[in-house]
Amino acid sequence: METTKLQRLFDACNEVFTDEEPPSYRQIQWLRHLLDSMEALDVGINEFGEGTPDHINRYRTLFDGQSLTSITYIHIYESEYFSMGIFCFPAGASIPFHDHPGMTVLSKLLYGSMYHKAYDWVLPTKLAHLKNRHTRTVGLAGLAVDEVLEAPCQPSVLFPRSGGNIHSFTALTPIAILDVLSPPYNDELGRPSTYFYELPIRALPGSYYT
């Protein structure tokens, strides 16, 4: 029996994300390649709604991504090392700025288009003592991403200190995002989900959060 794309992605994540050592650049690119091959149908989502093609209609148990009126999370898997899940948005819905403390996150836009804006913390010398802390609630951040994404597009990768670890999404059309997080959020282990306000500073690049 042929292995599904989702199973191949899970097996790869299970191999890469362990407590032994952080994933290498090559391993992250391997996961990114597997994620890039994923489509909505591979995770049981019908992205077409009323205009569903005949070859999709035969899958009677598909989740209808076009009928949502609020943001919906579809849980796939979670362990102490990584989690997998899908966020489905109706058009116009958004998730405000939030961070991923000490985490590596791979995301794949499965369908639709969205506005994506992201920042990374700026760490001047006087803040060097904060480098080993996962969580921050206030500080100076520099703009890392400011773009509109439209599927199909390459998966994005963010790291604990780069790639846009503090980000927000706004759905311009109905969308679905497949996320792989390593390690998962965990309040007890110092990885809470923190939300932020964006306060632009005209004299400096980036924004100040409070």
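Sequence positions are assigned chain by chain, starting from 1 and proceeding in written order. Only residues with pLDDT of at least 70 get local features here, since the model is predicted, and only at 80 or more are side-chain atom pairs given and counted; chain-wide, interface and lining totals rely on the full set of residues. The side-chain numbers reported here are obtained from all heavy atoms of the structure, hydrogens and water having been left aside.

Trainee: Would you take a moment to explain unusual backbone geometry for this structure?
Mentor: Negative phi characterises most residues that are not glycine, and trans characterises most peptide bonds. That bond from A151 to P152 is cis: its omega, 0°, falls within 30 degrees of zero. Secondary structure elements follow DSSP: runs of H or I no shorter than four residues count as helices, runs of E no shorter than two count as strands, and numbering proceeds from the N terminus. Relative to the assigned elements, P152 resides in the loop between β8 (139-150) and β9 (156-158). Omega for the bond connecting S182 with P183 falls within 30 degrees of zero, at -10°, which places this linkage in the cis form. For P183, the position within the fold is in the loop between β11 (175-182) and β12 (198-200).

Trainee: Help me understand the packing of aromatic side chains in this model?
Mentor: Given two aromatic rings, their pairing is described by the distance between the two centres and the angle made by the two planes. In this analysis, rings of Phe, Tyr and Trp, with Trp reduced to its six-membered ring, are considered paired at centre separations within 6.5 Å, and the interplanar angle assigns stacked below 30 degrees, edge-to-face beyond 60, and tilted for intermediate values. What the rule picks out here adds up to 7 aromatic pairs. Plain terms: the ring middles of F10 and F82 are 5.9 Å apart, the flat faces sit at 55° to each other, and that makes the pair tilted. In this pair, F10 sits in helix α1 (residues 5-16) while F82 sits in the loop between β3 (72-78) and β4 (83-89), placing the two residues 72 residues apart along the sequence. Residue F82 is classed as buried on the basis of its relative accessible area, which comes to 0%. Ring geometry for F17 and F82: centres 6.1 Å apart, planes at 40°, overall tilted. Placement of the pair is F17 in the loop between α1 and α2 (25-36) and F82 in the loop between β3 and β4, with a sequence separation of 65 residues. On the basis of relative accessibility, which here comes to 3%, the residue F17 falls in the buried class. Joined through ring pairs, the aromatic side chains of F10, F17, Y77 and F82 make up one cluster. Whether a residue is buried, partly exposed or exposed follows from its accessible area with a 1.4 Å probe, protein chains only, as a fraction of its type maximum: under 20%, in between, or over 50%, in that order.

Trainee: Is there a simple way to explain the packing of α1 against α2 in this structure?
Mentor: Only C-alpha atoms enter the line fits that serve as axes; for helices the fit covers just the stretch in contact. Angles between N-to-C directions range over 0 to 180 degrees. α2 packs onto α1 with a crossing angle of 165° between their chain directions and a minimal axis gap of 10 Å. One element, α1, and the other, α2, form an angle in the roughly antiparallel class. The crossing of α1 and α2 is left-handed. Touching R8, L9, A12, C13, E15 and V16 of α1 are Q27, W30, L31, L34 and L35, all from α2. Polar here means any residue other than Ala, Val, Leu, Ile, Met, Phe, Trp, Tyr, Cys and Pro, which are nonpolar, and Asp, Glu, Lys and Arg, which are charged; Gly is therefore polar. The class makeup of the residues in the contact of α1 with α2 is 8 nonpolar, 1 polar and 2 charged. Geometric relationships in this document are graded by angle, where less than 35 degrees denotes roughly parallel, more than 145 denotes roughly antiparallel, 65 to 115 denotes roughly perpendicular, and other angles denote oblique. Less than a right angle of anticlockwise turn of the near helix away from the far helix marks a crossing as left-handed, whereas a clockwise turn marks it as right-handed. Throughout, a contact is declared for two residues whenever any of their heavy atoms are within 4.5 Å.

Trainee: Would you mind showing me how to read the pairing of β11 here?
Mentor: One face of the sheet, then the other: side chains in a regular strand alternate in exactly this way. Burial within β11 is extensive, with 8 of its 8 residues counted as buried. When DSSP locates at least two bridges between a pair of strands, those strands are taken to pair. Looking at chain direction, β4 and β11 are connected through 7 bridges and run antiparallel. Bridge assignment links G85 to a residue of β11, and that residue is D179. With 7 bridges joining them, strand β6 (residues 104-111) and β11 adopt antiparallel strand pairing. Paired with T104 across the two strands is S182, which belongs to β11.

Trainee: I'm lost on the environment of F159 in this one. Help?
Mentor: Summarising the element assignment, F159 is placed in the loop between β9 and β10 (166-171). For F159 and L106, which are 53 residues apart along the polypeptide, the C-alpha to C-alpha distance reads 9.0 Å. Apart from residues lying up to four places away in sequence, F159 is in contact with I28, M103, T104 and N165.

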